[in-house]
Structure formats: C-alpha cells, structure tokens
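Single-letter residue listing:
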Amino acid sequence: MVASPIEIQSRLERVLLKVQKPGRYVGGEYNEVVKDWDSVQTHVALVFPDIYDIGLPNLGLAILYEVINQRPDALAERAYCPWTDMETEMRQAGIAMYSLESKHDICNFDILGFSLPYETLYTNTLNFLDLSGIPLFSSQRTVGDPLVIAGGHAAFNPEPMAPFIDAFVIGEGEEAMQEIVTAHQAWKAAGASRKDLLLRLAKIWGVYIPSFYEPYYNPDGTVSEIVKLEESAPDKVAKRLVAHLPPPPTHFLVPNVDVVHNRIAVEIMRGCTRGCRFCHAGMITRPVRERPIPEIVETIQQSLDNTGFEEVALLSLSSSDYTKIGELVDAVSARFVGKHLTISLPSLRIETASAELFEKLKGARQGGFTLAPEAATERMRNIINKPVSTEQLMETIRAIYSRGWSTIKLYFMIGHPAETLEDVQAIADLCKAVLREGRKILGNRATLHAGVSTFVPKPHTPFQWVPCDTVDQILAKQQLLKRALSGPGLKLNWTEPQDTLLEAWLSRGDRRMAQVVYAAWKHGARFDAWQEEDHYQDWMAAFAENNLDPEFYTHRRRFLDEVFPWEHLNIGVTKKFLTQDYTWSLEGKTRLDCRQKCFACGILPGFAELRRQNPGEVWKCPEVSRGRVNVLLPA
Amino acid sequence: MERIRITYAKKEALRYTSNLDVHKIWERMLRRARLPLAYSQGFHPQPRINQAAPLPLGLTSQVEIVDIWLEDDLPLMDVSQAIVKTSPPGLELFQVALVDPHAPALPTIVRASEYQVTLLDPIDPAELEAKVTNLLTATSLVRERRGKTYDLRPLIEEVAIEPSSDGLPHLRIRLSMRENATGRPDEVLMALGLDPFAARIERSQLILEPSS
C-alpha cells in the first residue's frame, strides 16, 4: 500500500478536519528542513512514539535532526504517533505512516530511529511499525525494509523490545548516529545482505544488535547466562559517550500549534555527581560534562533569533552543581532578563542560594518554585543518598516564600526501599509545616503543591535489586496522604498504582517480556503513558497468555549475584560499585558529591583512554592516579 | 509607537493552525525579526497584535489582515523586509501599511467575507444548480451549531457557481461577517447537502467598512 507524497496529501485533506488538532499531522513548522528526496543517499525518519505535542519539544531528537541534516548526503524527517482518532481515520482511508516534511511513506526510508526515553512508549512503537506496514519482528524484515534502530534512556534495558529493534544505540547518539548512517551507505553500496548490515553496525561503539545474543534461563525464571552468537560482536556492549558536549542545536522547530513545551532548551551540563540511588539518569549519564558559559549565552541568543520563542529552559540533572552557576545566571540575566522572556532553571538544590539564583532570572511572568526532597525523613533521605537536613529544607522554604513566590511545589516519592508508614506520614507533616511557614510570611496567599510519585526500581542503579511496592502497599500509602493532605492551600498529585506497575515490569523485564508487549499491543494497548487510556486488563491477559507472572518482575527482591537481563551491557558504572552502594543504603550510609572525592564507580578506568585524551576540567571527575586500567572499548 | 497593517496569505500547512496559534506565530515572527513589538501593560503583558477576522480551521486564505504595534517608528521598508525573512512556510506577505493609531480596531470594520470553494467529488451540474437555487430561495435556514440554533439564511449574501478550470465544481460564497452575525462556509455547504470534508475552501476577500 505504498502511496506517493501527492496521494498521501490528497487522502489527508479529506480526514484532517475530522480529528482533534489537525496541525499535529501536517508539518510545515518554521526551521523544518525539507531536502530534495532524490539528492541524498540516506533517508532517516526520526520517530518519537507519542503524539506530536509531546514529541516535538524532545531535545534528543532535536539534536539528531540537526546533526543528520547538516550532512549533504543524508536527510532526517520526523514522524509521531497519531492520536487514536487519527489512527482510526488513517486505517479507514488507507493512509500509512508518513513523514511530516516530505509526506513520504515511512517504509520508504532507509533508517527508522525511535526515541525511547521511557518504557511506556513500547506499545506505541509496535503500533507505529504496524501503521507503517513494516514487519514488527526484526527477524521478519527483508533487505527492502528500513533498518529499525532505537535509543534513549529506556534502551539501557533493551530486552523487552529486543525482537522488534534491529539495533539499539546504548548511550549518547550524536556521534553514533553519524557512524550508523555512514555504515549504512557503505553497506548499500556493497549490495550485501541484511545480516551483513548488522555485522557492520555491531562494530560501532555503543551499538547493540539483540539478535547477536541469546539469553538462557534458570528453572526459577532468572537469567542463567547471555550467550553471544556472533564471533565479531563485542562480549559486552559499552555505552557510547561523547568526550565533551558537541555544539548544541539552535534551530529548534517552531510549532504552528501549541505543544507541551514551547521553548528553547539548552543543555548546560550532562551527567550528575550526586549519586541519588533511585536515579537512573544519574547512573547512566556519567561522567559530568559542562558546557562553557559563553557557549550557553551564545546558544540562547542564536536560538532566540532563529525561533522567536518566549521561553528558555537551562537543562541539567542538577543545575546547582554546575561549577559556575552564579556566573552563568548573572551572564544570562544581564543579557536576557526583561525581554518578555521566561527563563527557567529546573533541578535546583535545596539551599537558600537557589532562591537567590532563581530571583535573578525572574522575568515578568513568575511561576512556582519546585524542589525535590524525594523523602521527608532524614533516615529515608540517607537511604536514597539525597542527604538534606530538614532544617536546611525549611530555611530554603522561608527564603523562597519571603522572596514573593506564593506557590512551592515539593516532589516526593513513596515506595523507597525500607519505607514505613511513618516515613509516609512524615511527607504529610512536612508539607503542612512548610505551608505553615508560608502562611507566616505571605498569609493565605501561600500555597503548597505536593507531587508524590511512586518509586520504580531501575536497571543499572543501586536499587536494581529491590522490589517495587505492591498495589496494596501503594494504595495504603496514598490513602494516608490523601487523608492528611487536604485543606486550603494544599494540593496533592499522585500516580495511579497500575501505571506504576506497568512501568515497573517493563523497566526490569527480560527478553520474554517482548512477547507480553506484543500480546498487549494485539489486545489494543497503546498510549500507556496516558491517563486517558487504561489497558491494564490487556496487559494482564498478555501475561497470562505467555505464562509469565508480573509479580516476578515487579515485587521480587533480586539475588545479590543475580544475572540481570542487561548484564551484557556495560554502562561504565560497575556492578561491584552498585552492589556496594546498595549494601550501604541498607546501612543508611551516604556518599557525598563525587566531584570532591572519587568513589570509583568505574567510569574512569572504563573510559581511561578517552579520559587521557580529555584531561582536567573537561570531565568533572577528580584526577585519580590508578595503575589498574580496565578498558571497555574495543581497541 | 507605530501601528502597522499587514495583509498576507495563509496557505499550506498553516490552514490547520487556529486563530489563537496564529497570534503566537505573529509574535514569534516579529521577535525573530528583532522588531520592537509593543506589549500591553499590566501583570501579564501581551503583545499588541490584532487580527481582523477569525478564519475557520482548515481554510486557506488569500487575504488575512493583522495590525501590529511597534515601540519605535521604523521605515516600512525595513519592517516588511524583516518580516519576509522570518515568516514561516505558508505565510505570504502582500502589503505593509501605516495606519492611524487612533483608527477603529480591525474587527469592528469587517463587514463580509468571500470564499472560493472547490468540491473534491464530482457532482452533476444541474443538481448543483438546483441545490443553490433552493438555498437562495429559502427565506430561512435554521441550523444548529454547538448546541445553539440560528438562522443561516440572513448571513448569506451570495452563492454562485463559478466556471471551472480544473474539472472540479467551484462555488463562490459571500457571507456576512459582523459582530454576532458571522456565517461559516462549511455550514453553507451542509445546508446545500454537500460534504464539507470533501471541499477545499479559501477565503478570497475580506470586505471592510467603505470609509476605512
């Protein structure tokens, strides 16, 4: 059912006015890149498998879009999932997935790159392939089908999607994507088999070919070993990383309809040295690399001229840890504050200095102030390695309210390891104490929003061994909070327990989970990240059909020496370090900022050669002298 | 302070952008052009941009009109050159003119709007003619829109079958566009018994108060 761009356009014209927000499906944004299709060798479709509104502002794809389109021999176009109304219309009208730029059928592209930042996009990914007329299973694709690749944070446990994706990029994509395009061109010129393409890709640092490995299982269902099937594939796939941050994108797409973030996003720093034990991003994005202040200021200026956006977000995992954060804020505010611009600096540490930083960036539009204590007792904060004293928190709160912010948002998680109902009660008590402080300062204007999500144990973290709370545990804790946190000035948000469980079994799923994902999709599951869509029963049916138990994945405490389904991936941080950090958490022992003192997480020896080539301040790891070098990279 | 009236075409993908979002498109275009766009006073300053007449979603237009206010008095040539460079795909600039800052607001001087309709499905010419004649001879056409009933007939100033150059049937529709008396071309198509989704509609004229 391959259609030409003109046919697609004319079919679209008859359906677009029947769906909500048709502007999602037509492209035509300012800064869109439309190249002559026949003038380039390689056509890449970048796909965010959720709707346009969520996908368009994604920074990862914005980076790849610019990187690929800068090459004269390749083009990158975009596609997003249609919302359910549009999917119905497309299937009825015989419209397959098409790219927004040139309206080419997706199956005509050479490479399909999915961004998978979180697990609840898996069924959407299958649905997208189905709507594109591309075989869902990698093994069923032939030489004429596009190469299907995926990357993003969820890809650090690729196993639940292993049979559907030809190749994963584990880690940072800027350089790996270029190498994949180049390898694809060489393969195409050679006119070789699909297997030959995968063998070429397996040589690229960071690329994981799932069909080159096979997991075996113990009678109890745990993984016994992961066997490599191709001699030339690496024993362990090392995550990709760029030695220093490449030039950031400045030609952001300016949407013609409203999306979730209408803004310029500037990554000021990648990685985090804090080591919060629940934090997936903090473990997989090491080491810390900062972008210099002049480059940030110049990026903002260029992006403003290129987009006209009214908002700039300075992004990182922990803004306060940027070495010269004070100077950065001064430089940015001197140049940009007061120009009808909102500048946001999320992820600030709980300290009074944060209020001062924020105040300097305050434009005419003043929003709320967000802090993430994550837990309400010092005991709990030590277990998760986010040690902040309650006194320090209260001081920060006072500093924020007295500078005139009337709304404070506090983020917490329930379900941390070793959490009791007293720890949960403490969340309510703390929130009320904070609001009382606010009222002393601002009277009844002061409000407090508590965002309480439920912890999901993630692979490659010190908590990869721990069970996730059961539905009953979660409900009991949420009941307590709902009862305690009601009243004027207080607002409570929480995550539905079933949404948490879905994320939990996918996060630490093995390759058998892929059959569950497939069956759930067959039953109709999609848009699993959306409250509007409830497919819990579809998932339960999918588990039953495959004789698998969701509790095995969610509520089981893993053996300390368990072979994980992601054991054949090496993220630099060693299992030895994670094991030690897990045992430390049980003792309530914390680790401070590793900028000050190296805790030997494994990044430095793992990427020793790269570090030697990029010494000193390029990485924020302290210099260590070590004889032992354990090189992850193939020579 | 300078008030500038801009006439432009809205085409291609932009036909699926609503009036609220068109407002944003203008704001961002002017910001990209580094033009000193004026903002309203108050706690939530808004850019001073005023559109003449809302265009229903899905329609293209040959004549959209917008007034913008600039803090500084700039030569018109500079303004138009800057905007041409920063306009998004589908937005085509026709005319840039200075307006008396005290002239009445654009929406208050719009009187009517004319639309060119291309029907995407073939129809027997005699049948189409009969439908149009029936419509125009009716004294009242009560329709329901968003749960409210109204009479479409007094809003219809003209419906005519146009000669076709592309083999598809064409209609020209002229509808009143005054406060609380604005007709929608898709409603006229439905009143004619035609499928509004199988039509391409373009606004071809905006008729303003003669004195302005």
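Our subject is the structure listed above.
To keep things clear, this report deals only with the structure shown in the data block.

About the thresholds
- Residues numbered from 1 in each chain as written.
- Chains lettered and ligands numbered in written order.
- Predicted model: local features only at pLDDT ≥ 70, side-chain atom pairs only at ≥ 80, totals over all residues.
- Heavy atoms only, no water.
- Helix = DSSP H or I, 4+ residues; strand = E, 2+ residues; numbered from the N terminus.
- Rg over C-alpha atoms; globule rule 2.2 N^0.38 Å.
- Buried < 20%, exposed > 50% of the residue type's maximum accessible area, 1.4 Å probe, protein only.
- Contact = heavy atoms within 4.5 Å.
- Areas by Shrake-Rupley, 256 points an atom, 1.4 Å probe, with all protein chains shown as cover.
- Lys, Arg positive; Asp, Glu negative; His and termini not counted.
- Charge placed at Lys NZ, Arg CZ, Asp CG, Glu CD.
- Salt bridge = Lys/Arg side-chain N within 4 Å of Asp/Glu carboxyl O.
- Polar contact = N/O pair within 3.5 Å; in protein donor to acceptor, adjacent residues only side chain to side chain.
- Nonpolar A, V, L, I, M, F, W, Y, C, P; charged D, E, K, R; others polar.
- Arc of directions from axis to C-beta.
- Phe/Tyr/Trp six-rings, centres within 6.5 Å; stacked < 30°, edge-to-face > 60°.
- Lys NZ or Arg CZ within 6 Å of the ring centre and 35° of its normal.
- Axes fitted to C-alpha atoms, helices over the stretch in contact; angles between N-to-C directions.
- Parallel < 35°, antiparallel > 145°, perpendicular 65-115°, else oblique.
- Left-handed = near helix turned anticlockwise from the far one by under 90°.
- Pairing = 2+ DSSP bridges.

Of regular secondary structure, chain A possesses 22 helices and 19 strands. Relative to a compact globule of 635 residues, whose C-alpha radius of gyration would be 26 Å, chain A shows 24 Å and is just as compact. Once the C-alpha set of chain A is aligned to its principal axes, its extents read approximately 70 × 60 × 55 Å. Here chain A holds 635 residues, and the buried ones make up 61% of them. Counted over contacts in chain A with a minimum sequence separation of 6, partners at least 24 positions apart contribute 76%. Accessible area of chain A: about 23,700 Å², with a carbon and sulfur share of 53%. Taken together, the 69 basic and 79 acidic charged side chains of chain A have centroids lying 5 Å from each other.

On the chain A side, the residues contacting the 28 residues of chain B number 31 residues. Here chain B is connected to chain A by six salt bridges. As a salt-bridge pair, D121(B) and R14(A) come within 2.7 Å of each other at their nearest N and O atoms. Counting the contacts that link chain B with chain A gives 11 residue pairs in polar contact (both at pLDDT 80 or more). Looking at the side of chain B that touches chain A, the elements with two or more residues in it are α1 (19-32) and α2 (76-86) of chain B. The element contributing the most residues to the side of chain B that touches chain A is α1(B), with seven residues. Of the residues in the side of chain B that touches chain A, the class split is 13 nonpolar, four polar and 11 charged.

This part is about helix α1 (residues 5-15) of chain A. Among the residues of α1(A), I8(A), L12(A), E13(A) and V15(A) are the ones counted as buried. Buried residues of α1(A), seen end-on, are gathered within an arc of 165 degrees and therefore sit on one face of the element. Looking at the packing, one finds that the buried side of α1(A) touches α4 (84-93) of chain A together with β11 (199-208) of chain B.

With that settled, consider the environment of T420(A). Inspection of the secondary structure assignment puts T420(A) in the loop between β16 (407-414) and α14 (421-442). As a C-alpha pair, T420(A) and M380(A) span 40 residues in sequence and 9.4 Å in three-dimensional space.

To continue, consider the packing of aromatic side chains. Overall, the coordinates contain 24 aromatic pairs over all chains when judged by the stated rule. Ring pairing ties together the aromatic residues F137(A), F164(A), Y518(A) and W521(A), which thus form one cluster. Of note, R512(A) hangs over the ring of Y217(A), and the distance from its end group to the ring centre comes to 4.2 Å. A cation sits over an aromatic face here: R48(B) above W69(B), 4.5 Å from the ring centre.

Here we take up the packing of helix α9 (residues 293-307) of chain A against helix α10 (residues 325-336) of chain A. Residue and element names in this part refer to chain A. Orientation of α9 relative to α10, taken along the N-to-C sense of each, is 30 degrees, at an axis distance of 10 Å. It follows that α9 is roughly parallel to α10 by the angle criterion. For the pair α9 and α10, the crossing hand works out as right-handed. Facing I293, I296, V297, E298, I300, Q301 and L304 of α9, the residues of α10 in contact are E327, L328, A331, V332, R335 and F336. Of the residues that constitute the contact of α9 with α10, the class distribution is nine nonpolar, one polar and three charged.

Before going further, it helps to examine the sheet that holds strand β17 (residues 447-454) of chain A. Residues and elements named next belong to chain A. The strand order β15-β16-β17-β18 describes an open sheet built from four strands, whose pairing is parallel. Edge positions in the sheet fall to β15 (369-374) and β18 (490-494), since each of these pairs with one other strand and no more. Adjacent strand axes in the sheet meet at a mean angle of 20 degrees, parallel and antiparallel pairs treated alike. Both β17 and β18 contribute to a ladder of five bridges, which runs parallel. Each residue of the ladder has a partner; that of H449, found in β18, is K491. Contacting β15, β16 and β17, helix α13 (residues 390-402) crosses the sheet at an angle of about 170 degrees to β15. Sheet strands in contact with α14 are β16, β17 and β18, and its direction is about 170 degrees off that of β16.

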